[in-house]
Amino acid sequence: MATLAEPRADTDEAFREEVRDFLAKNFPPELKGKGNALASVEGPTQEDAQQKAWREAMGEKGWGVPTWPKEYGGGGLSKKQARILQEEMGKAGAYNPIGGMGVMMFGPTLLESGSEEQKREHIPAIAKGEIRWCQGYSEPNAGSDLANLQTFAEDKGDHYLVNGQKTWTSGGQWADKCFAIVRTDKSDKHNGISFMLIDMDSPGVEVRPIQMISGLSPFCETFFTDVKVPKENLVGKEGQGWTIGKRLLQHERTNISGAGGGGRAMGAAMSEVAKKYAEFDANGEIADKVLRDKVADFEIRWQAFLLTARRAVEESKAAGGVSEISSVLKKLGTKLGQERSELAIEIMGLQGLGWEGEGFSESELAGVRAWLFGKAFTIYGGSTEIQNNIIAKRVLGMLDHQ
Amino acid sequence: MAILNEEQEMLRDMARDWATNESPVTAFRKYRADKPAEGFQPDVWQTMAQMGWTGIVIPEEHGGSDFGWMSAGLVIEELGKTLTASPIVASTVAASAIVLGGSDEQKAKWLPKLASGEVVGTLAVDEGAHHGGKTEASVSGGKLSGTKAFVHEAHGASLFVVSAADGLYLVEKGDGVSLSDRKLTDQRSHANVTFDGAAADKLANGGDDLLDKVLDRARILTAAEMLGMAQQVFDVTLDYLKQRVQFNQVLASFQALQHRMADLFADLAMMRSAVESGLEALDSGFGVPHAACVAKAEANRVLHIISREGIQLHGGIGMTDEYDVGFYLKRARVLEASWGSTTYLKNRFAALAGY
């Protein structure tokens, strides 16, 4: 749906020029093809001077969060301009140095639900990539039954005193701040939950990384012992945490699904993997016809998923933001993402299962860790089974068991 | 749903109202009982033509509306929902062959009649039970000979777009053209058509890949019909699960069934995206062969699952002739096998992608 606010074609060309100019001046060619360390939850940030300069340049423009409002440090770009920016960055091989949970989940939620003061305090730092956020949601006895959470915030007048334990805190060991859902009322399961912001360097916060099957420790246990949280760190009102927290999950699911460009981050097209590792016959076809069929079968469904993600974005513009369709995208994208890793390994054979040491390229080893880490896709952010419940009950109107 | 313009929304709403009120599945039952010789009810076809649906992809200068493929797909999706027995897909694709490959004279002769519904056209391409086999039909001195198998809408068509070894030809029903019925599970019009020295007029302007271009249109438009069918089976099944009580509970309250419906809902979303993207590709002219493979392959995959699950989730009642859901299964398999089975399309997709 075109609106009058959409810039005309000639202004777009002017914007494209502006982007090209900016990239030529600010993006160091040495960083071409490098990933975004900050967006990853799998490692600490160790920026060198060039990476830091690039992040600061993008942060200054607000182009790391191109469509966020300018008044809070965002780019203030139209969707069309944001697409031009993405295209030009792609051509230049430039990565977006601004990322992480602040960008993907917390920022959009705070823009919707936060107070003016909270937005002014937190959004610009996210837009500049200066602050890393982590998510205080799951607990040992609150996984799929998330609302069963027990971490308690006791009202102490001008502050809350928080006690309890969170788990699966992605990147908790490297985070500056935590957005958390905690219990403020023990008598009401859903309406007793509040959404609050906790400084990770507050006295009483302790983080212990958990070693995972991938050999990495991106997830942590986080312990809160008599942690003081100022009242102004409450987002929304007491008791609104479940509503705000669920809204955040919709943003999270859209991102986890790989929709909106994230799909490309999962790696090269399956046909590219096949071209590199599979045997080809004289006709220029994959020699193993069963494998060829599997690759085509996957690529057709992957294509249909990417089209679905694009359609969801277009339709959500009319509907005012993300919605329950995020459950469909999360369910589809995560399953296909896992299938993708498994098929890549099948194509590569044992060369695709290297754990460490000689004989394997960096990208082969990274692929193995990504395959194992990827088992989390269908579990975190609401498991596939929870997404099925949401689709059946909220979208299809199927009744609860009486 | 794709983002539609006002014209397209009106067209879709009109088709939806008409299909729901004037051409529900009871109309298909009546067609089945009446067995009209044309393979469709002539008065229904007239009505569809009057609403302009027969000329949607035909240029205005030749009597069509030139609304484009997305518009055609929207109408056909709605007709697919109620299994409306008409040659609209066949005739639209046949018309597109003339639009793409016809001379000015051929266009002037046929397109206005196809647009008005006076002439029904269809494709006669395959010579065996599978799409994509050998083409043995040949033309010598302007006379075409050969047998085309399982031709859709053969009984009502008066114009055949026929593939021969050296290209596509227009052949009028008449001398040298004979039909032998091939009644399939969908109880629609299918026949083997034998051409025995029939007068043939070559479509000479479409380039070497004219047949491929026409088949891509057949694939995408057929996929649009399949989308309507899949959507309808899903909706009817969901309604049934919300009504049927067992163990003192409506079936919709059982999690095992909820999760299966969630799976089908997600598959249906992928199918819709693939089909709409095929229609968009035809309108933009960009990436059509690839988009046609994705559209029809996804349509095949998802309608196959939904038509099968539709019966299972209805239980025994779904196997009765009294319930509509079985009709969709029987039409689904015919369309799956037409213009490219899933294996055929995967093979083509891989070849297009260079592996």
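Please read all numbers here as calculations on a predicted model, not as lab measurements.

1. Regarding the overall build of chain B
Phase 1 of the analysis: What chain B contains, in helices and strands, is 11 helices and nine strands.
Phase 2 of the analysis: Projecting the C-alpha coordinates of chain B onto the three principal axes gives extents of approximately 75 × 50 × 40 Å.
Phase 3 of the analysis: Looking at chain B as a whole, 57% of its 355 residues are labelled buried.
Phase 4 of the analysis: Pairs at least 24 apart in sequence give 74% of the contacts found in chain B among residues at least 6 apart.
Phase 5 of the analysis: When the accessible surface of chain B is totalled, it reaches about 13,900 Å², and 50% of it is carbon and sulfur.
Phase 6 of the analysis: When the 33 basic and 46 acidic side-chain charges of chain B are each reduced to a single mean position, those positions are 6 Å apart.

2. Some thoughts on the overall build of chain A
Phase 1 of the analysis: Scanning chain A from N- to C-terminus turns up 12 helices and eight strands.
Phase 2 of the analysis: For chain A, with 402 residues in total, the buried portion stands at 50%.
Phase 3 of the analysis: Within chain A, contacts between residues at least 6 apart in sequence are counted, and of these 72% link residues at least 24 apart.
Phase 4 of the analysis: Accessible surface for chain A amounts to roughly 19,000 Å². Of this, 52% is attributable to carbon and sulfur atoms.

3. Observations regarding the state of the cysteines
Here a disulfide denotes one covalent bond, and it connects the sulfur atoms of two cysteines.
Residues and elements named next belong to chain A.
Phase 1 of the analysis: Within the structure shown, the criterion is met by zero disulfides over all chains.
Phase 2 of the analysis: Among the cysteines around C178, which has no disulfide bond, C134 carries the closest sulfur, lying 3.9 Å off.
Phase 3 of the analysis: Assessed through its relative accessible area of 1%, C178 is described here as buried.
Phase 4 of the analysis: Unpaired in terms of disulfides, C220 finds its nearest cysteine sulfur in C134, a separation of 8.0 Å.

4. Observations regarding the UniProt feature "domain: Acyl-CoA dehydrogenase/oxidase C-terminal" (unreviewed entry) in chain B
Phase 1 of the analysis: The UniProt record marks residues 209–349 of chain B with the feature "domain: Acyl-CoA dehydrogenase/oxidase C-terminal" (unreviewed entry), using the residue numbering of this structure.
Phase 2 of the analysis: Helix makes up 79% of residues 209–349 of chain B and strand makes up 3%, while its end C-alpha atoms are separated by 16 Å.

5. Overview of the packing of aromatic side chains
Residues and elements named next belong to chain B.
Phase 1 of the analysis: By the definition in use, this model includes 26 aromatic pairs over all chains.
Phase 2 of the analysis: Measuring from centroid to centroid gives 5.8 Å for F28 and Y31, while their planes differ by 35°, and the two rings are tilted. With F28 and Y31 both in helix 2 (residues 25–34) and three residues apart, this pair spans about one turn of that helix. For the pair F28 and Y31, a shared accessibility class is recorded, and that class is buried.
Phase 3 of the analysis: Seen in terms of ring centroids, F160 and F195 are 5.7 Å apart; in terms of plane orientation they differ by 80°. Their pairing is edge-to-face. A residue pair is termed long-range when its members are at least 10 positions apart, and F160 in strand 4 (residues 159–164) and F195 in strand 7 (residues 190–202) qualify at 35 residues.
Phase 4 of the analysis: Judged by relative accessible area, F160 falls into the buried class, the value being 0%.

6. Focus: the domain arrangement of chain A
One frequently used descriptor of interface size is the decrease in accessible area upon assembly of the parts.
Residues and elements named next belong to chain A.
Phase 1 of the analysis: Domains assigned within chain A are domain 1 (17–98), domain 2 (133–237) and domain 3 (258–396).
Phase 2 of the analysis: Centre-to-centre, using C-alpha coordinates, domain 2 lies 31 Å away from domain 3.
Phase 3 of the analysis: Contact with domain 2, which involves seven residues of that partner, is made by eight residues of domain 3.
Phase 4 of the analysis: Note on domain 2 versus domain 3: buried area summed over both sides is about 600 Å², and carbon and sulfur give 75% of it.

7. Focus on the interface of chain A and chain B
Phase 1 of the analysis: Across the contact, 41 residues belong to chain A and 42 residues belong to chain B.
Phase 2 of the analysis: Approximately 3,400 Å² of surface area, both sides summed, lies buried where chain A meets chain B, with 63% of it carried by carbon and sulfur atoms.
Phase 3 of the analysis: Taken as a group, I300(A), L396(A) and M398(A) account for 19% of the area that chain A buries against chain B, more than any other trio of residues on that side.
Phase 4 of the analysis: Put simply, chain A and chain B have four salt bridges between them.
Phase 5 of the analysis: At the surface where chain A touches chain B, the tally comes to 16 residue pairs in polar contact (both at pLDDT 80 or more).
Phase 6 of the analysis: When grouped by side-chain class, the residues that make up the side of chain A that touches chain B number 17 nonpolar, nine polar and 15 charged.

8. Brief notes about unusual backbone geometry
All names here are of chain B.
Phase 1 of the analysis: Even without being a glycine, D66 presents a positive backbone phi close to 55°.
Phase 2 of the analysis: The residue D66 is located in the loop between helix 3 (42–50) and helix 4 (69–81) in this model.
Phase 3 of the analysis: On the basis of relative accessible area, D66 is assigned to the partly exposed category, the value being 45%.
Phase 4 of the analysis: Of note in this structure, W339 is not a glycine but carries a positive phi near 60°.
Phase 5 of the analysis: Note that W339 resides in the loop between helix 10 (325–337) and helix 11 (342–353).
Phase 6 of the analysis: By relative accessible area, W339 is classed as buried at 9%.

9. Examining the confidence of the model for chain A
Residue and element names in this part refer to chain A.
Phase 1 of the analysis: Of all residues in chain A, 90% attain a pLDDT of 70 or more, and the chain-wide mean is 89.
Phase 2 of the analysis: Of the regions scoring below 50 in pLDDT, residues 1–9 engages in six contacts with residues more than four places distant in sequence or in other chains.
Phase 3 of the analysis: Between residues 260–265, whose pLDDT stays under 50, and residues either more than four places distant or in other chains, the model counts three contacts.

10. Quick look at a negative patch on the surface
Phase 1 of the analysis: Among the surface-exposed residues, E60(B), E61(B), D66(B), D104(B), E105(B) and D201(B) lie close enough to one another that they form a single negatively charged patch.
Phase 2 of the analysis: Residue E105(B) is classed as exposed on the basis of its relative accessible area of 68%.

11. A few points about the domain arrangement of chain B
All names here are of chain B.
Phase 1 of the analysis: Taken as a whole, chain B is organised into domain 1 (6–116), domain 2 (121–202) and domain 3 (209–353).
Phase 2 of the analysis: The straight-line distance from the C-alpha centre of domain 1 to that of domain 3 is 21 Å.
Phase 3 of the analysis: With 22 residues of domain 1 at the interface, the matching set in domain 3 holds 27 residues.
Phase 4 of the analysis: The largest per-residue losses of area from domain 1 upon contact with domain 3 belong to W69, M70 and E77, which jointly make up 29% of the total buried on that side.
Phase 5 of the analysis: The interface formed by domain 1 and domain 3 includes four salt bridges.

12. Considerations on the environment of F219(A)
Residue and element names in this part refer to chain A.
Phase 1 of the analysis: Considering the arrangement of structural elements, one finds F219 in strand 7 (residues 219–230).
Phase 2 of the analysis: According to the relative accessible area criterion, F219 is buried, its value standing at 6%.
Phase 3 of the analysis: On a C-alpha basis, the gap between F219 and G171 in space is 6.0 Å, while along the polypeptide they are 48 residues apart.

13. Some remarks on the UniProt feature "domain: Acyl-CoA dehydrogenase/oxidase N-terminal" (unreviewed entry) in chain B
Phase 1 of the analysis: The positions that UniProt labels "domain: Acyl-CoA dehydrogenase/oxidase N-terminal" (unreviewed entry) are, in the present scheme, residues 5–118 of chain B.
Phase 2 of the analysis: The span residues 5–118 of chain B shows a helical share of 67% and a strand share of 0%, and its end C-alpha atoms are spaced 29 Å apart.

14. A look at helix 6 (residues 104–116) of chain B
All names here are of chain B.
Phase 1 of the analysis: Helix length check: helix 6 (13 residues) gives 18 Å between terminal C-alpha atoms against 18 Å at 1.5 Å per residue, within 8%.
Phase 2 of the analysis: At W110, helix 6 shows its maximal bend, which comes to roughly 30°, and the proline P112 appears one to four places after that position.
Phase 3 of the analysis: Every buried residue of helix 6 is accounted for by Q106, K107, W110, L111, L114 and A115.
Phase 4 of the analysis: Where helix 6 is buried, its residues contact helix 5 (88–101), strand 1 (121–124), strand 4, strand 5 (167–172) and strand 7.

Cut-offs applied
Residues numbered from 1 in each chain as written. Chains lettered and ligands numbered in written order. Predicted model: local features only at pLDDT ≥ 70, side-chain atom pairs only at ≥ 80, totals over all residues. Heavy atoms only, no water. Helix = DSSP H or I, 4+ residues; strand = E, 2+ residues; numbered from the N terminus. Buried < 20%, exposed > 50% of the residue type's maximum accessible area, 1.4 Å probe, protein only. Contact = heavy atoms within 4.5 Å. Areas by Shrake-Rupley, 256 points an atom, 1.4 Å probe, with all protein chains shown as cover. Lys, Arg positive; Asp, Glu negative; His and termini not counted. Charge placed at Lys NZ, Arg CZ, Asp CG, Glu CD. Disulfide = S-S within 2.5 Å. UniProt positions renumbered as here; feature names shortened; annotations may be inferred. Phe/Tyr/Trp six-rings, centres within 6.5 Å; stacked < 30°, edge-to-face > 60°. Domains from an automatic or database assignment. Buried area = accessible area lost by both parts, 1.4 Å probe. Salt bridge = Lys/Arg side-chain N within 4 Å of Asp/Glu carboxyl O. Polar contact = N/O pair within 3.5 Å; in protein donor to acceptor, adjacent residues only side chain to side chain. Nonpolar A, V, L, I, M, F, W, Y, C, P; charged D, E, K, R; others polar. pLDDT = per-residue confidence, 0-100. Patch = residues over 30% accessible without salt bridge, like charges linked within 9 Å, V, L, I, M, F, W, Y side chains within 5 Å. Expected span 1.5 Å × (residues − 1). Bend = angle between axes of the 7 residues up to and from the residue.

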